[in-house]
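# Topology and contacts: notes
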Amino acid sequence: MKLKGLKMICMTALLAGCNSAVDIEQQVDELYAKMPQEERIAQLRSMYMDELFNEQGQLDTAKCRELIPYGIGHFSQFCMQQPRDPNELRDRAAAIQDWLMHNTPNGIPALLHEEVLSGVNTKGSTIYPQQIGQACSFNPELAELKTRQTSTALRKMGGILALSPMVDVCRNPSFNRLEESYGEDGYLSAVMGVAFVEGLQQGDLKKGVGACSKHYLGYGGGGDADEKELMEEILLPHETMIRLAGSRCVMPGYHDVHGIRCVANSEILQDILRGYVGFDGMVVSDYTAIDQIPNLETPVEKAAIEQGQDQARMSSAEREQARTVFKAAAAINGGNDVDFPHGANYKLLQEAIDKGLVKPETFERAVKDVLRHKFRAGLFDSDAYLYSTEDIQLDTPEERQTAYDIATQSVVLLQNEGNLLPLTSHNSPLNILLTGPNANSIWAMCGDYTYPAMSYFWKMVDYNFETPHIVKLLEGMEAGKPEGVNLLYSRGCDWTEGIETKYTEAGDERAWEFALLNRKVDSGEKADKAEALRMAKDADVIIAAVGENVMLCGENRDRQGLRLPGKQEQYVEELIQTGKPVVLVVFGGRAQVISGIAEKCAAVIQAWYPGEEGGRAVADILYGKVSPSAKLSVSYPNAELNEPLCYNSLSSDTPLTSKVQWPFGHGLTYTTFDYQNLQVNSEAKTSDDFVELTFQVKNTGSVAATEIAQVYLSPKDSTQQIRPIQLQGFARIALEPGQTKTVTTRLYVEQLGFYSHQGSVRQWNIEPGTYIIKVGASSADIRLKQQLILRGSSVTKPLRDHYFSESTVSL
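Presented here is an overview of the structure given in this document. Keep in mind the model is a prediction, meaning the values are calculated, not measured. (Residues numbered from 1 in each chain as written. Predicted model: local features only at pLDDT ≥ 70, side-chain atom pairs only at ≥ 80, totals over all residues. Heavy atoms only, no water.)

### Details of the packing of helix 20 (residues 529-537) against helix 21 (residues 568-576)
- Two elements in contact, helix 20 and helix 21, have axes whose closest approach is 10 Å; the angle formed by their N-to-C orientations is 30°. Overall, the two elements helix 20 and helix 21 adopt an arrangement that is roughly parallel. The two elements helix 20 and helix 21 meet at a crossing, and its hand is right-handed. On the side of helix 20, the interface is formed by Lys 529, Ala 532 and Leu 533, while helix 21 contributes Tyr 571, Glu 574 and Leu 575. (Axes fitted to C-alpha atoms, helices over the stretch in contact; angles between N-to-C directions. Helix = DSSP H or I, 4+ residues; strand = E, 2+ residues; numbered from the N terminus. Parallel < 35°, antiparallel > 145°, perpendicular 65-115°, else oblique. Left-handed = near helix turned anticlockwise from the far one by under 90°. Contact = heavy atoms within 4.5 Å.)

### Brief notes about empty space enclosed by the protein
- This model, assessed by the stated rule, comprises seven cavities of 30 Å³ or more.
- If you add up the space inside the largest cavity, you get close to 230 Å³.
- Of all the elements in the fold, those that place two or more residues in the lining of the largest cavity are helix 8 (186-201), helix 9 (227-234) and strand 22 (726-735).
- The leading source of residues in the lining of the largest cavity is strand 22, at three residues.
- Considered class by class, the residues forming the lining of the largest cavity number eight nonpolar, six polar and four charged. (1 Å grid on protein atoms, 1.4 Å probe; cavity = no way out; pocket = protein on both sides within 12 Å on 5 of 7 lines; lining within 4 Å. Points joined across faces, edges and corners; volume = space filled by probe spheres on them. Nonpolar A, V, L, I, M, F, W, Y, C, P; charged D, E, K, R; others polar.)

### Section: the state of the cysteines
- If you walk through the whole model with that rule in mind, you get zero disulfides.
- Looking at Cys 79, it has no disulfide partner, and the nearest cysteine sulfur is the one in Cys 212, 16 Å off.
- Cys 262 carries a free sulfur, and the closest cysteine sulfur to it, the one in Cys 212, is 13 Å from it. (Disulfide = S-S within 2.5 Å.)

### As for the packing of helix 7 (residues 140-157) against helix 16 (residues 397-410)
- Two elements in contact, helix 7 and helix 16, have axes whose closest approach is 10 Å; the angle formed by their N-to-C orientations is 150°. Classified by the angle their axes make, helix 7 and helix 16 are roughly antiparallel. Read as a crossing pair, helix 7 and helix 16 show a hand that is left-handed. Here helix 7 contributes Leu 142, Leu 145, Lys 146, Gln 149 and Ala 153 to the contact with helix 16, which in turn contributes Glu 398, Glu 399, Thr 402, Asp 405, Ile 406 and Gln 409.
- Of the residues that constitute the contact of helix 7 with helix 16, the class distribution is four nonpolar, three polar and four charged.

### Quick notes on the packing of aromatic side chains
- Under the criterion given, the structure shown has 18 aromatic pairs.
- Centre to centre, the rings of Tyr 276 and Tyr 755 are 6.1 Å apart; their planes meet at 75°, and the pair counts as edge-to-face. On the criterion of sequence distance, the pair formed by Tyr 276 in helix 11 (residues 266-277) and Tyr 755 in strand 24 (residues 754-758) is long-range, its members being 479 residues apart. Each member of the pair Tyr 276 and Tyr 755 is classed as buried.
- Taken together, a centroid distance of 6.5 Å and an interplanar angle of 75° make the contact between Tyr 451 and Tyr 463 edge-to-face. Note that Tyr 451 is positioned in helix 17 (residues 451-458) and Tyr 463 in the loop between helix 17 and helix 18 (473-480), a separation of 12 residues in sequence.
- What makes Tyr 463 buried here is its relative accessible area of 13%.
- Linked through ring pairs, Phe 138, Tyr 647, Phe 664, Tyr 712 and Phe 730 together constitute an aromatic cluster.
- Sitting above the plane of the Tyr 449 ring, Lys 214 keeps its charged end 5.1 Å from the centroid.
- Across from the ring centre of Tyr 404, 4.0 Å away, lies the NZ or CZ of Arg 616, which sits over that ring. (Phe/Tyr/Trp six-rings, centres within 6.5 Å; stacked < 30°, edge-to-face > 60°. Buried < 20%, exposed > 50% of the residue type's maximum accessible area, 1.4 Å probe, protein only. Lys NZ or Arg CZ within 6 Å of the ring centre and 35° of its normal.)

### So, helix 18
- Taken residue by residue, helix 18 has Leu 473, Leu 474, Gly 476, Met 477 and Gly 480 as its buried positions. Take helix 18 and look down its axis: the buried residues cluster within an arc of 165°, on one side only.
- Contact partners of the buried residues in helix 18: strand 11 (430-435), strand 12 (485-490), strand 13 (541-547), strand 14 (582-587) and helix 22 (614-623). (Arc of directions from axis to C-beta.)

None of the figures reported here should be taken as evidence of function without further support.
Following this line, the structure appears as structure tokens:
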């Protein structure tokens, strides 16, 4: 009773302090001083909430006293562990927070986190299109709306932190996690990442959900970039999310930068992140990343070697514990604060401190980083928003509409020979054969980190829930078919004949199990090629839905090469040989090599993983109910590549290399556009804030559509320290047939600058010279260009104040 009273006094004092004008840093210092060492260490650890509940779903207070007597800093992926109703998840969150606040030394609530890349990772939640597709929309406003809806739902359930977004600038077309990214361009990734954070955090961490930018720095092909590329482009999404949108959490990647694992890399976590960017938030490890810190010779082992002792005299348990202690020390010394998902390494932090491996001030920094985040999230406020008491409904009509809108703006029309599409432009009756492994499957719609995909891969559970309803392509085409259309269907071909998923020990160590990876998705349907080819004889048009699925792309999942899996390519060849026009619709998490067959198809669509409304969105585009508007966020490879590929290393004035089938920024629609009248002041000063440019875009066709006009910057002289071509702005322009609109873009002079590092000084530089401003329909389709002469003295500053141009569209 005496201890419980003390706890209540401590908590009351904290709550009162949070409502005063006392600075957060003072509050953090005061709380830290009160905490016993065990409670401090607990703040740096996490666990799964299910470990504390019994089979009846009730909180087991005996387990709580046993496992978390000093509290716990975090709970890992609290929504996805089992298929649960959102109200039950909320009740569990409420129970554990109440116990922590009333039964631990200082009553500190936990940060409950979840994945929200394509919506909340839980049963029944809206499944939005995968990020790589959403990037093709070039629509940050819609991206912000999506995460605002996601944040509202997650916070109601008790979620306070999200381990999203993934803003790796991915330049390796083969990277198996490319689908989670916004593509190959740092500028586009930064714009979309900032929008993600602004929607998720809702401008206030006390009511929104905290974002976490990952996987810092250079996962997916950028970690081995030279310093200039790393700092100008790969860092850009993280830097802008932190400096412009207030993101307060960063997750290092599984990879190495300059030979050191990111989670223990003081160069990127201390020098660049905290020192250069000015980050004052919380750094959390990716799941099992600390376990994977390689080549660490512990002091005990080193001493044994120097003394000529046989290491075998140490028991395996002793050796493992010594290595765990040293890994924990390496991570926290390198700048990592929190150990996910179990805190198994940081459990031994006291031993590392006692042995002098971790300095007290280093440990203090980590604990205070966690406490600071909790204060910012309002967890100690008297009116703390820990969860909602209202009835929680997921996948609302508004959320489904947003999912549909994003999907229609994510699907890229790559090729449309003879204007075959839209299909309703043809005389009726029209017989359409829909075929292929992705024609009638949810796995054409759901990317990694959606609840169906996470359950299937990690839990090995087939997804058979009715909510949310996932519209497959067959359903979308059947439900939306216009009068006079007759739709035929036969699967015709499976994804693969055998298991093509490669076993690799990379990424999350929990997936290094043969049973998880040695699987082939069962469609539940017979693939009868002969039947499909017979139907093709009666068809006027063939829609071939091909590509990847949950086991052929995603975290820890890869396959050999980028061509279509299994015998899909041969199947498409046989469809082409029927002489009927073939529309190739490619689903999956990355651009797949389709050279050799794409040229023989009448039309090609890249649909990515378009989410729960994907079937309806693709069908509406095929039928012409919606004009496609998306533009590629990657350079579409024309050959097997496992190396960096990015448009900005190529000049827009030279032909595309044999490596690229369709360039970054490319995308067709059902009309044509004319670009006119670029107006830019011919001169500006290095000391100016911005230059303004205007141009007109006209819809010269007969169909209403939206064009995404792109503004690029190029140097006049190859000796200038900027890329041959670099995206620096864009605008979505909705145009009726014959209509013209004016785009006005404010291009900040800082966008003409570059990074340098001399001695201990890192800085941003603006140099006088001649630059070329370009406006185009893609990085390789430049319609307008004009020179800009920048005069004056060189300007240097530590960091930019302006990162993005600003565009407005008017009549």
